[in-house]
Amino acid sequence: MGFDLRFIGLVIATVSSVRYKIIHGGHELGPIVPERGIRQGDPSSPYLFLIFAEGFSSLVRKLERDGRLKGCKVANGAPVISHMLFTDASYVYCRANDREASHILHLLQLFEIASGQQVNFSKSSVFLSTNVPNATRDRLCGILRMRLADEHSTYLGFPCVMGRNKDAILGFLKDKMQKRIQSWEGHFLSTAGREYWWSSSSRKGVSWFSWRKLCNNKSSGGMGFWSLREYNLSLLGKQGWRLLLHQDSLVGRIYKARYFPNCSFLEAELGGNPSFIWPSVLESQTLLRDGARRRIGPGSSTELMKPDSRQWDLELIEDLFDSCDVELIKQTVNVSWNSSMEDDVWKMMWKIKAPPKDNKGLVEEAVMVGWAFWKARNDMLWNGKCCSAADVVWLTRTTLRQWTCAQSKQLDTGSLASNRTDTREHWSKPAAGQLKINVDGAIFEDTNEIGTGFVARDFDGRLIEAFSTIFSVSCRPEIVEILCKDRLV
């Protein structure tokens with residue numbers, strides 16, 4: 001693979017210098033020197049695995065370039081798949097003949113010599129097409145010294161070969177889940193639940209509510225259960241979204257060549273003789289089509305704009321859209337813009353010396369206004385709080401002034417005042433040995449409540465005591481001030 005000898009020596013030293021110690025009963029046992037490399041779970045294992053996997057992949061690609069191995073492809077125009085590497089398993093594809101089977105065996109032997117690892121042939125298996133004769137099957141398994149995989153072979157709990165019957169392939173998952181749920185019947189349910197709600201194979205319970213109502217939020221009268229179909233559809237939608245956006249990926253290229261070679265995923269159809277997974281992914285097409293939006297951008301990837309003048313193609317727009325939509329599109333200001341210009345603008349924005357940078361000016365204040373608008377928008381959207389334009393301007397100037405004063409290490413007491421009319425209130429400390437108590441009240445009109453509180457500080461400004469309370473009553477401001485002083489007494 002072209003690694004330097006010094007790097008190889010460091011890797012070998014890392015693997016061969018491993019020592020382990022065990023503490024048992026307060027005594028230290030060891031050191032234990034492993035004779036078969038590093039243990040499973042060692043921090044360096046993933047990096048070594050990537051190196052070996054890349055070496056194995058390079059050997060397979062070399063066989064392809066030399067014409068000694070040919071992978072498979074699912075359709076014309078689809079990429080050829082020669083191998084797939086997983087966490088603890090590898091798949092190598094070839095034609096079912098003696099020549100390529102011998103090359104696969106030679107490949108494995110060469111990998112053993114180069115890596116020092118040994119292939120476990122007893123745990124390896126051969127998958128063959130149903131069109132391969134039995135005599136050829138036996139001969140190929142003998143050459144590769146591997147057993148023939150049956151239709152019930154699994155990897156990470158899932159079948160390696162998918163047929164047409166879903167119940168026959170994945171029925172074990174349903175049976176396992178039903179057995180686990182039935183085991184809950186006598187442990188986690190009350191007597192009422194076992195009698196009236198729960199149902200099993202031996203008896204049928206009373207369905208007080210439909211499953212759709214139980215899946216509603218608790219605030220809407222439901223139980224908050226997940227709808228398994230909708231949850232599964234959302235996961236399938238993620239796969240469809242990847243096929244829509246990442247058409248250059250390996251999976252995207254395979255599916256596009258097989259099912260929608262001349263269109264996108266949004267216009268794809270089921271087609272003839274589909275695979276086991278494609279109908280499920282296609283089920284999310286309507287969900288994506290209803291929620292997807294296309295951004296025109298500079299117009300380079302759409303036919304709605306003329307490529308030379310960057311103007312709307314009005315004739316095409318009038319043919320595709322309704323009259324009301326056409327008028328909205330015409331009113332849209334068309335500015336020549338591209339992604340590189342967008343990057344330049346963001347770089348310029350981040351270079352502006354606004355907080356947390358040290359400077360103040362017209363541009364900096366404009367940036368702070370934008371931030372204040374964004375904060376006001378979030379408060380209104382997520383917290384239901386509305387503010388006026390004067391609040392936004394006050395927040396902008398106060399935040400910028402506070403940060404500037406903090407950077408210059410000057411205390412700006414006026415920036416701490418909560419009065420927007422710039423009437424500054426300064427706290428004056430009491431005489432030495434005395435305390436100063438500040439009281440105040442507040443009226444909450446929305447909830448018909450009032451609040452009172454006080455703060456006691458010494459002559460150094462240290463907090464001695466603080467108290468606040470809320471009353472469910474409505475009264476005038478002067479009465480609130482009287483209550484504050486009465487509570488203090």
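See above for the structure.
Summarised in this report is the structure supplied together with it. Predicted model only: the values in this text are computed from it and were never measured.

Time to look at the overall build of the protein. Secondary structure assignment for the protein yields 17 helices and eleven strands. Counting over 489 residues, the protein shows a buried share of 23%. Counting contacts in the protein only where the partners sit at least 6 residues apart, residues at least 24 apart contribute 36% of the total. Accessible area of the protein: about 36500 Å², with a carbon and sulfur share of 56%.

This part takes up the side chain of S82. Structurally, S82 is set in the loop between α2 (45-65) and β3 (83-85). With relative accessibility at 4%, the residue S82 sits in the buried group. Side chain to side chain, S82 and H83 meet in a polar contact 2.9 Å long. Not counting the four nearest positions on each side in its chain, S82 is found in contact with V60, E64, G71, Y91, V92 and Y93.

Time to look at the pairing of strand β11 (residues 463-471). With eight bridges joining them, strand β10 (residues 449-457) and β11 adopt antiparallel strand pairing. Bridging across to β11, T452 finds its partner in T469.

This structure, assessed with the given rule, holds ten salt bridges. Residue E54 pairs with R61 through a salt bridge whose shortest N-O separation is 3.2 Å. One salt bridge in this structure joins R462 and D460, with 3.3 Å as the shortest N-O distance. A cluster of three or more residues bridged by salt bridges with shared partners is formed by K62, D66 and R68.

On to the pairing of strand β9 (residues 436-444). Alignment of β9 against β10, held across nine bridges, turns out to be antiparallel. Paired with I437 across the bridge in β10 is A456.

Once that is clear, we can look at the packing of helix α3 (residues 98-115) against helix α4 (residues 134-144). Two numbers describe how α3 lies on α4: the axes approach to 9 Å, and their chain directions differ by 20°. Here α3 is positioned roughly parallel relative to α4, judged by the angle of their axes. Once α3 is placed against α4, the crossing between them reads as right-handed. Residues D98, A101, S102, I104 and L105 of α3 touch α4, and the partners they reach there are R139, L140, I143 and L144. Here the residues of the contact of α3 with α4 sort into six nonpolar, one polar and two charged.

Another point: the nonpolar core. In this structure, F56, L108, F121, L144 and M146 are the most contacted members of the largest nonpolar core, which totals 17 residues. For this core, the element with the highest residue contribution is α3, accounting for six residues. In this view, F56 contacts L85, V92, L107, L108 and F111; residues no more than four positions away in its chain are not counted. Formed by 13 residues, the second largest nonpolar core is a distinct cluster that contains L236, L244, L266 and W278.

Another aspect to go through is the environment of E112. Mapped onto the secondary structure, E112 falls in helix α3. With 56 residues separating them in the primary sequence, E112 and F56 have C-alpha atoms 9.9 Å apart. Every residue in contact with E112, bar those within four places of it in the chain, is listed here: Q117, Q118, V119 and F121.

In this section: the sheet that holds β9. Reading across from one edge, β9-β10-β11 is the order of the three strands in this open sheet, with antiparallel pairing throughout. The outermost strands of the open sheet, each flanked by one partner alone, are β9 and β11. Averaged over all pairs of adjacent strands, the angle between strand axes in this sheet comes to 10°, irrespective of strand direction.

Turning our eyes to something else, we now look at helix α9 (residues 250-259). Listing the buried residues of α9 in full gives G252, Y255, A257 and Y259. Residues of α9 that are buried in the fold lie against α8 (228-245) and α10 (278-282).

The next subject is unusual backbone geometry. Here the phi dihedral of R145 falls at roughly 60°; this positive angle occurs in a residue that is not glycine. Within the fold, R145 resides in the loop between α4 and β6 (147-148). The backbone of N273 sits at a positive phi, close to 55°, despite the residue not being glycine. The exposure class of N273 is exposed, given its relative accessible area of 54%.

Looking now at the packing of α2 against α3. Axis angle and axis distance: for two packed helices, these are the angle between their axes and the distance between the axes, and together they describe the pair. In contact at an axis separation of 11 Å, α2 and α3 are set at 145° when each is read in the N-to-C sense. You can see that α2 and α3 cross each other, and the crossing is right-handed. Where α2 abuts α3, its residues F52, F56, L59, V60 and L63 lie against H103, L107, L108, L110, F111 and S115. Here the residues of the contact of α2 with α3 sort into nine nonpolar, two polar and no charged.

Under the 1.5 Å per step criterion, the end-to-end length of α2 is 30 Å for 21 residues, consistent within 8% with the ideal 30 Å. Listed as buried for α2 are L48, A53, G55, F56, S57, V60 and L63. Check the buried side of α2 and you find it contacts α1 (5-16), β3, β4 (90-92) and α3. Once α2 finishes, G67 follows within two positions and takes phi at roughly 80°, a positive value.

The rules we used
- Residues numbered from 1 in each chain as written.
- Predicted model: local features only at pLDDT ≥ 70, side-chain atom pairs only at ≥ 80, totals over all residues.
- Heavy atoms only, no water.
- Helix = DSSP H or I, 4+ residues; strand = E, 2+ residues; numbered from the N terminus.
- Buried < 20%, exposed > 50% of the residue type's maximum accessible area, 1.4 Å probe, protein only.
- Contact = heavy atoms within 4.5 Å.
- Areas by Shrake-Rupley, 256 points an atom, 1.4 Å probe, with all protein chains shown as cover.
- Polar contact = N/O pair within 3.5 Å; in protein donor to acceptor, adjacent residues only side chain to side chain.
- Pairing = 2+ DSSP bridges.
- Salt bridge = Lys/Arg side-chain N within 4 Å of Asp/Glu carboxyl O.
- Axes fitted to C-alpha atoms, helices over the stretch in contact; angles between N-to-C directions.
- Parallel < 35°, antiparallel > 145°, perpendicular 65-115°, else oblique.
- Left-handed = near helix turned anticlockwise from the far one by under 90°.
- Nonpolar A, V, L, I, M, F, W, Y, C, P; charged D, E, K, R; others polar.
- Core = buried A, V, L, I, M, F, W, Y, C linked by side-chain atoms within 4.5 Å.
- Expected span 1.5 Å × (residues − 1).

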